[in-house]
Amino acid sequence: MHLNPYGEDAVNLAAELANERPRSVEELVDRCRAAGLVVEGPFTDDDLPHVHAVLDAWEAVVDAADERERAARLNLMLAAGTAHPRLTDHTGDGWHLHYREDDLPLGALLFSLIGVGTALHLVGRGMHRLGRCAVAECDTVFADTTRTGRRRYCSQRCANRDAVRRHRASHPSAA
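Residues numbered from 1 in each chain as written. Predicted model: local features only at pLDDT ≥ 70, side-chain atom pairs only at ≥ 80, totals over all residues. Heavy atoms only, no water.

## Concerning the overall build of the chain
Scanning the chain from N- to C-terminus turns up six helices and four strands. Along the chain direction, N to C, the helices and strands of the chain fall in the order α-α-α-α-β-β-α-β-β-α. The principal-axis extents of the C-alpha atoms in the chain amount to approximately 65 × 30 × 30 Å. Classification of the 175 residues of the chain by burial places 41% in the buried group. Accessible area for the chain stands at about 9,600 Å²; split by element, carbon and sulfur atoms hold 51% of it. Taking the 21 positively charged and 26 negatively charged side chains of the chain as two groups, their mean positions are separated by 12 Å. (Helix = DSSP H or I, 4+ residues; strand = E, 2+ residues; numbered from the N terminus. Buried < 20%, exposed > 50% of the residue type's maximum accessible area, 1.4 Å probe, protein only. Areas by Shrake-Rupley, 256 points an atom, 1.4 Å probe, with all protein chains shown as cover. Lys, Arg positive; Asp, Glu negative; His and termini not counted. Charge placed at Lys NZ, Arg CZ, Asp CG, Glu CD.)

Here it is, written out as structure tokens:
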């Protein structure tokens, strides 16, 4: 996966993995590959708990009370999971930056990718561009990649459900 200037691919992968945690290393590898991540291996059963810890740390970034707390939590992720930037053409499809050592296990690779991708997304698009669905009974995480930066719902379905609920509450006779 080539990190784009906004970190969109990495934060979308993080949200997708956080919302439905992988149950096996094989599932994790398949989902990473489906998202466009080049997974070269090796990968072991130790990667799964590492990835779950990464996702716990990432969700703490999402749930931060304000920008300063969000930055502090993300800075901890960056300090623990990244290395100096380096140019690579490991897949032969063009030079790009990695913020990690070469040949890391999958869990460590995702730690770096998610941390750096989230940082690029937030500084490029706005510190408010991560959230949870505004529907009270839905706790789905999302990365706001919209043009306007005003996303409040995880999906159109939840947005519609909330609009119907608000309409019924303001027009009791219509219910």
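## Regarding the nonpolar core
If you look at the biggest cluster of nonpolar residues, it comprises 34 residues, and the most contacted ones within it are Trp58, Met77, Leu110, Ile114 and Leu130. Only helix H1 (8-19), helix H2 (25-34), helix H3 (47-62), helix H4 (67-81), helix H5 (106-125) and strand E4 (141-143) provide two or more residues apiece to this core. Considering every element that reaches this core, the biggest residue donor is H5, with eight residues. (Core = buried A, V, L, I, M, F, W, Y, C linked by side-chain atoms within 4.5 Å.)

## Details of the packing of H4 against H5
H5 packs onto H4 with a crossing angle of 145° between their chain directions and a minimal axis gap of 9 Å. Along this stretch, H4 crosses H5, giving a crossing that reads as left-handed. Contact residues: H4 offers Arg70, Leu74, Met77, Leu78, Ala80 and Gly81, while H5 offers Phe111, Ser112, Ile114, Gly115, Val116, Thr118, Ala119 and Leu122. The residue inventory of the contact of H4 with H5, partitioned by class, reads nine nonpolar, four polar and one charged. (Axes fitted to C-alpha atoms, helices over the stretch in contact; angles between N-to-C directions. Left-handed = near helix turned anticlockwise from the far one by under 90°. Contact = heavy atoms within 4.5 Å. Nonpolar A, V, L, I, M, F, W, Y, C, P; charged D, E, K, R; others polar.)

## Quick notes on the confidence of the model for the chain
Looking at the chain as a whole, its pLDDT mean stands at 90, while 95% of the residues score no less than 70. Low pLDDT (under 50) marks residues 1-6, which in the prediction has 26 contacts with non-local residues, meaning those over four places away or in another chain. (pLDDT = per-residue confidence, 0-100.)

## Topic: the state of the cysteines
Working definition: the covalent bond between the sulfur atoms of two cysteines is a disulfide. A full pass over the atoms with the stated rule returns zero disulfides. No disulfide involves Cys154; its sulfur sits 3.7 Å from the nearest other cysteine sulfur, which is in Cys158. In this structure Cys154 comes out as buried when scored by relative accessible area, which is 19%. (Disulfide = S-S within 2.5 Å.)

## Considering the packing of H1 against H5
Interaxial distance between H1 and H5 falls to 7 Å at its minimum, and their mutual angle equals 120°. When the axis of H1 is compared with that of H5, the two are oblique. Pair H1 / H5 crosses with left-handed handedness. Touching Glu8, Ala10, Val11, Leu13 and Ala14 of H1 are Leu110, Leu113, Ile114, Gly117, Thr118, His121 and Arg125, all from H5. Partitioned by chemical class, the residues of the contact of H1 with H5 number seven nonpolar, three polar and two charged. (Parallel < 35°, antiparallel > 145°, perpendicular 65-115°, else oblique.)

## Structural notes on the side chain of Asp47
Of note, Asp47 is situated in helix H3. For the buried Asp47, which has no salt bridge, the nearest side chain bearing the opposite charge is Arg33, at an N-O separation of 11 Å. Looking at Asp47, its side chain comes within polar contact range of the main-chain nitrogen of Gly107, at 3.0 Å. Beyond its immediate stretch of four places on either side in the chain, Asp47 contacts Pro42, Pro105, Leu106 and Gly107. (Salt bridge = Lys/Arg side-chain N within 4 Å of Asp/Glu carboxyl O. Polar contact = N/O pair within 3.5 Å; in protein donor to acceptor, adjacent residues only side chain to side chain.)

## As for a nonpolar patch on the surface
Residues Leu87, Trp95 and Leu97 make up a contiguous nonpolar surface patch of about 380 Å² in total accessible area. With respect to the secondary-structure elements, Leu87 resides in strand E1 (residues 86-88). (Patch = residues over 30% accessible without salt bridge, like charges linked within 9 Å, V, L, I, M, F, W, Y side chains within 5 Å.)

## A few points about a negative patch on the surface
Judged by side-chain charge, Glu26, Asp30, Asp45 and Asp46 come together as a negatively charged surface patch. As for its placement among the helices and strands, Asp46 is situated in the loop between H2 and H3. Judged by relative accessible area, which is 63%, Asp46 ranks as exposed.

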